[in-house]
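Chains, contacts and geometry: an overview
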Amino acid sequence: MVRFRSSLLPEALHTLLRRPGTVQYPFGPAELQEGYRGRVMAHGERCKGCSLCVRDCPAFALELERNGKEHYRLIYHPDRCAYCGQCEQSCRFDCIYLTNEFVPGTADLETLSVVLVDHKPTGEQGGNGAEEQGR
Amino acid sequence: MRELLAALFNLLIFPGLGFLFVCAMAFEWGDRRLIARFQGRVGPPWYQPFADLIKLLAKEDILPNDAEETTAAVLPMLSLAAVLTAALYVPVAGYAPLSFEGDLIVVLFLLSLPTLAHFLAGWVTVGVYSILGGNRSLLQFFSYEVPFLMALSTPAIFNGSWTIAEITARQTVWNIFILPLAFLVALVGLIGKLKRDPLDIPKAKSEMVAGPLTEFSGRKLALWRLSMDMQTVVGVFLLVNLFSGGASMLAPLAFVFKALAILALLSTASVLYARLRIDQLAHLGWRVLAPLALLQLLVTVWMGG
Amino acid sequence: MTKVTIPIGPQHPLLKEPLSFLLTVEGEQVLESTLRLGYVHRGIERLCQERTYVQAVHLIERVCGICSHIHTTTYCQGVEALSGLQVPPRGLYLRTFLCELERIHSHLLWLGVLAKNMGFDTVFMYAWRDREIVLDVMEELSGGRISHAVNVIGGVRIDLDAAHTRSIQQRFDELERQVEKALALINNEPSLKARTQGVGLLSAEQVARYCVVGPVARASGVDVDLRRDFPRPPYDQLKFNVITHPAGDVWARTLVRVQEIRESLSLCRQILAQLPDGPTSVAMKRRVPPGEVVSRSEAPRGEVIYYIRSDGSDKPARLKIRTPTLTALITLADQLRGVNVADVPVVLSGVDLCIACADR
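Bear in mind the structure is a predicted one, so any value in this text is a computation, not a measurement.

Structural notes on the overall build of chain A
In terms of helices and strands, chain A carries 3 helices and 5 strands. When the elements of chain A are put in sequence order from the N terminus, they spell out α-β-α-β-β-α-β-β. Buried positions account for 27% of the 135 residues belonging to chain A.

Structural notes on the overall build of chain C
For chain C, the helix and strand inventory stands at 14 helices and 8 strands. Taken over the C-alpha trace, chain C has a radius of gyration of 21 Å; the compact-globule value for 360 residues is 21 Å, and the two agree within 12%. In terms of principal-axis extent, the alpha carbons of chain C reach across some 70 × 45 × 35 Å. Residues counted as buried form 55% of the 360 residues belonging to chain C.

Concerning the interface of chain B and chain A
Listed per partner, the contact involves 9 residues of chain B and 10 residues of chain A. Elements with a minimum of two residues in the side of chain B that touches chain A: α2 (17-38) and α12 (251-272) of chain B. Residue composition of the side of chain B that touches chain A, by class: 5 nonpolar, 2 polar and 2 charged.

Notes on helix α5 (residues 121-142) of chain C
Residues and elements named next belong to chain C. Look at α5: 31 Å from first C-alpha to last across 22 residues, which is about the 32 Å you get at 1.5 Å a residue. Taking burial as the measure, the 22 residues of α5 include 16 buried ones, the bulk of the element. G143 sits one or two residues past α5 and shows a positive phi near 95°.

Thoughts on the interface of chain C and chain B
Taken together, the contacts link 24 residues of chain C with 20 residues of chain B. Of all elements in the fold, only β1 (3-8), α4 (89-118), α5, α7 (190-196) and α13 (344-350) of chain C reach the threshold of two or more residues within the side of chain C that touches chain B. The element best represented in the side of chain C that touches chain B is α5 of chain C, accounting for 5 residues. In terms of residue class, the side of chain C that touches chain B is made up of 14 nonpolar, 5 polar and 5 charged.

Thoughts on the sheet that holds strand β3 (residues 72-76) of chain A
Residue and element names in this part refer to chain A. Here we have 3 strands laid out as an open sheet, ordered β2-β3-β5, and antiparallel in their pairing. Strands at the two margins of the open sheet, each flanked by one partner only, are β2 (62-66) and β5 (114-119). Strand-to-strand twist across the sheet, computed as the mean angle between neighbouring axes with direction ignored, equals 15°.

As for the nonpolar core
Ranked by internal contacts, the top residues of the largest apolar core, which has 223 residues, are A86 and V234 of chain B. Ranked by residues supplied to this core, first place goes to α4 of chain C with 16 residues. If sequence neighbours within four positions are ignored, V234 of chain B has contacts with V83, A86, A87, V90 and L111 of chain B.

Quick word on the environment of G221 of chain C
Residues and elements named next belong to chain C. Tracing the backbone through its elements, the reader meets G221 in the loop between α9 (215-218) and α10 (226-229). Given 16 C-beta atoms within 10 Å, G221 falls into the partly exposed group. Distance from G221 to P246, taken between C-alpha atoms, is 4.3 Å for residues 25 residues apart in sequence. When residues no more than four places from it in sequence are discounted, the contact partners of G221 are A204, T244, P246 and G248.

So, unusual backbone geometry
Residue and element names in this part refer to chain C. Here the bond from P233 into P234 is cis, since omega is 5°, no more than 30 degrees from zero. Mapped onto the elements, P234 comes out in the loop between α10 and α11 (250-274). Not every positive phi belongs to a glycine, and C211 is a case in point at roughly 55°. Within the secondary structure layout, C211 lies in the loop between α8 (204-210) and α9. A positive phi angle is found at R360, which is not glycine, with a value near 50°. You can see R360 is positioned in the segment after α14 (355-359).

So, the confidence of the model for chain C
In the predicted model, chain C carries a mean pLDDT of 88, and the fraction of residues at 70 or more is 100%. Per the prediction output, this complex has pTM 0.89; the corresponding ipTM is 0.86.

Re the pairing of strand β7 (residues 302-310) of chain C
Residues and elements named next belong to chain C. Pairing of strand β6 (residues 291-299) with β7, which is carried by 9 bridges, proceeds in the antiparallel orientation. Across the sheet, residue V294 finds its bridge partner in β7, namely Y307. Connecting β6 to the next strand, β7, in antiparallel fashion are 2 residues. Where β7 and strand β8 (residues 316-322) come together, 6 bridges link them in antiparallel fashion. The residue bridging Y306 from the neighbouring strand is I321, located in β8. Hairpin connection from β7 to β8: 5 residues lie between these consecutive antiparallel strands, with G312 at a positive phi of about 95°.

Side note on the sheet that holds β6 of chain C
Across a sheet, paired strands are connected by hydrogen bonds in the backbone, their directions being either parallel or antiparallel. All names here are of chain C. Strand order across the open sheet formed by 3 strands is β6-β7-β8, with antiparallel pairing between neighbours. Only two strands of the sheet have a single partner each, and these edge strands are β6 and β8. Sheet twist, expressed as the average angle between the axes of neighbouring strands with direction ignored, equals 15°. Where helix α3 (residues 68-83) meets the sheet, its contacts fall on β6 and β7, and the angle it forms with β6 comes to roughly 150°. Helix α12 (residues 324-335) contacts β6, β7 and β8 of the sheet and is inclined by roughly 130° relative to β7.

Some points on the environment of E70 of chain A
Residues and elements named next belong to chain A. Along the polypeptide, E70 turns up in the loop between β2 and β3. Overall, the presence of 12 C-beta atoms within 10 Å leaves E70 in the exposed class. Leave out the neighbours within four places in its chain, and E70 touches H119 and P121.

A closer look at the packing of α2 of chain B against helix α11 (residues 218-243) of chain B
All names here are of chain B. Direction vectors running N to C along α2 and α11 enclose 90°, while the axes themselves pass 8 Å from each other. Of the possible angle classes, the one that applies to α2 and α11 is roughly perpendicular. Residue-level inspection shows L20, C23, A24, F27 and E28 of α2 in contact with α11, the latter providing L226, D229, M230, T232 and V233.

Some thoughts on the packing of helix α5 (residues 103-124) of chain B against helix α6 (residues 128-159) of chain B
A pair of packed helices is captured by two measures, namely the crossing angle of their axes and the spacing between those axes. Residue and element names in this part refer to chain B. Close contact between α5 and α6 brings their axes to 8 Å; oriented N to C, the two are set at 170°. On the basis of their axis angle, the class for α5 and α6 is roughly antiparallel. Counting all contacts with α5, which are made through L104, L108, S112, T115, H118, F119, G122 and W123, the residues of α6 involved are S130, I131, G133, G134, S137, L138, F141, E145, L149, L152 and A156. Residues belonging to the contact of α5 with α6 are distributed by class as follows: 10 nonpolar, 8 polar and 1 charged.

Comments concerning the pairing of β2 of chain A
All names here are of chain A. For β2 and β3, the ladder comprises 5 bridges, and the chain directions are antiparallel. Opposite E63, over in β3, you have I75 as the bridge partner. Where β2 hands over to β3, the hairpin turn is made up of 5 residues, of which G68 adopts a positive phi near 115°.

Points about helix α4 (residues 69-88) of chain B
All names here are of chain B. Compared with the 28 Å implied by 1.5 Å per residue over 20 residues, the 30 Å span of α4 between its first and last C-alpha is a close match. Among the residues of α4, L75, P76, S79, L80, A82, V83, A86, A87 and L88 are the ones counted as buried. Summarising the contacts, the buried residues of α4 are in contact with α2, α5 and α11.

Considering the environment of D66 of chain B
Of note, D66 of chain B is situated in the loop between α3 (48-57) and α4. Once the C-alpha coordinates of D66 of chain B and V126 of chain B are considered, the two residues, 60 residues apart in sequence, prove to be 6.5 Å apart.

Some thoughts on the confidence of the model for chain A
Residue and element names in this part refer to chain A. Looking at chain A, pLDDT values average 79 and 85% of them are 70 or higher. Summarising per-element confidence for chain A, the mean pLDDT is lowest in β5 (80) and highest in helix α2 (residues 52-56) (89). In the predicted structure, residues 126-135 sits below a pLDDT of 50 and forms 24 contacts with residues beyond four places in sequence or in another chain.

Criteria and cut-off values
- Residues numbered from 1 in each chain as written.
- Chains lettered and ligands numbered in written order.
- Predicted model: local features only at pLDDT ≥ 70, side-chain atom pairs only at ≥ 80, totals over all residues.
- Helix = DSSP H or I, 4+ residues; strand = E, 2+ residues; numbered from the N terminus.
- Buried ≥ 20, exposed ≤ 12 C-beta atoms within 10 Å, placed from the backbone.
- Rg over C-alpha atoms; globule rule 2.2 N^0.38 Å.
- Contact = placed C-beta atoms within 7 Å.
- Nonpolar A, V, L, I, M, F, W, Y, C, P; charged D, E, K, R; others polar.
- Expected span 1.5 Å × (residues − 1).
- Pairing = 2+ DSSP bridges.
- Axes fitted to C-alpha atoms, helices over the stretch in contact; angles between N-to-C directions.
- Core = buried A, V, L, I, M, F, W, Y, C linked by C-beta atoms within 7 Å.
- pLDDT = per-residue confidence, 0-100.
- Parallel < 35°, antiparallel > 145°, perpendicular 65-115°, else oblique.

Structural data, given as structure tokens:
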């Protein structure tokens, strides 16, 4: 008889009477924390084209295309990105940052090259990355 | 003509194939859901066992080169046929149209066929995990079967009949109160027969991948799983009849509750213990269960059954 | 009886990472085993030579998923020593806080995996449910549950405020209760003890011969813990016990690890209580002066050693990593000899394999 006594029974009964610890995503809520390292975006107007973020990215996910001193574009590849936040750390002008948006997988190659900053010489500024992303 | 229709109804609808199928799906769902809730998870929706079966029927059916195809195809059908036949003689809420004198022994023999088929399945589909799993299946069979048979014979001796319907009808007080040791041994034996946790040694996922059934897939695996689910149902019904029988006005409802209670006991046992090793099971079977069953048998005989 | 060769891996339900064991089995007894590694070798040491020190931090984090923070900690310690940087005390405390949190999460994960391989699914579910508390804290602090990216060369880049500290302390209360229940279970549950006692024996003499480190060594009675033997700040200001057990079997390792969770919880509480004010990091120079350094720290699985050689440029000239799982893997040949086939999962899980660490 002694063999059948279980020390797990109280905990098992306690767990039975509580709500389950799992969430049936996507039919249930799944909120990410505020500081979660998700999609990379940039404030295009603050970018100076110094390429510190490009140099420090460990996954080579950022590219700076130059066409002269005032004309440059910053391209970001979400598939190469490791979501480590080094670019946000390296940027000295508070330009590039990570949101807490989860980046889902995609089969659309167009969405894997995102233009974050489009700096033109006549003062026109490009978007901050939100326009060019397909879903 | 009427007799033919009645026989067909009994065989195919109730308490035969259709009823058993629905019960098998319901029992598997209830078992998985209860275990999940014990573990803090949500558990599958009600149609999950049925969906699993349909999915398996649609998968590719492939065996290794050296396997014997015909035997491998026959074994799951044999297992299913044995379980279905045994189910015909187990009364459901007092309704036992096909019972005859001494059908308890026939049922117990029929119920040991699926285990032997399980072991043979491992040998026939050659593969390292299959053969080792088959060996363990046979070792497990030797450990629990004798105490199980002794424990299930005790109500027969006590109530003075080898017909299940009669044993059920003759209980004035439920046998579970008069023969508690027999119930305990029968429960553990049932866990071993159904190869549930903590006695799922032949199909231990972390050691033997899936035991004797490793190489099965597609329709054959669907039949195996169906036969195992139905074995659960028949085993539970058998325990309900032998240990908590008795006629009453609320027979169907009471039957359902009793069956669910025994299923809940089985699920709880799955949750609470770690898997035993095969030598620990042999130790348990022969040094603990068999003496208990023997003791209960002797007490029953002495009480004048 | 004929001898059968059972392959455990590279794909097997028992293994979390690919590893190949060929067991020669007779009946139910294992006679010999052959080990093959390298299925997850990614060449991280060589890749680091092509990246700058700053980029290499993130690559090092991906050597292992479970002990990612301790790898970056050891690496950053080494580079800071080469550059002559002094990390401010607040940075050191926060770094250590995350190290201890990682130890808790690693041991809880291991407990679940051991239980699952033993057939005890319930304990697996409970241990991983309690691990969620730790993962939530780590996600709030650093933005990721497994990859923290907290370390920079020169300190850390996260910070804690008082309200956050209070909420963390509350969750630690709940975790402490669950750990006590787990300890009671390990001490009292007969089926668990029957599966783990007397299995996977390692004597203290074998531990010394194979240079085993970590909880496996401590469970054989060898008293070695880098946090106490070579205390770097802030460990010199924190009080904790080093848990050992003389038995040397899987049960002893379970006890050691779960009690270590308790010690780590107490360490975390002390860190939160004693957190000094100040900056969390100092600026680093891009080029590291030439030299070589050996940096060590106590990972959840034992002592991890980093050798870094710098030639004055902004890329490491050579990086060599010695992870603790490698020492434990070598002992498996001894542990698996003569053991029951049913004990193989228990033995393999008891050693707490992290093949990604071993293969790099």
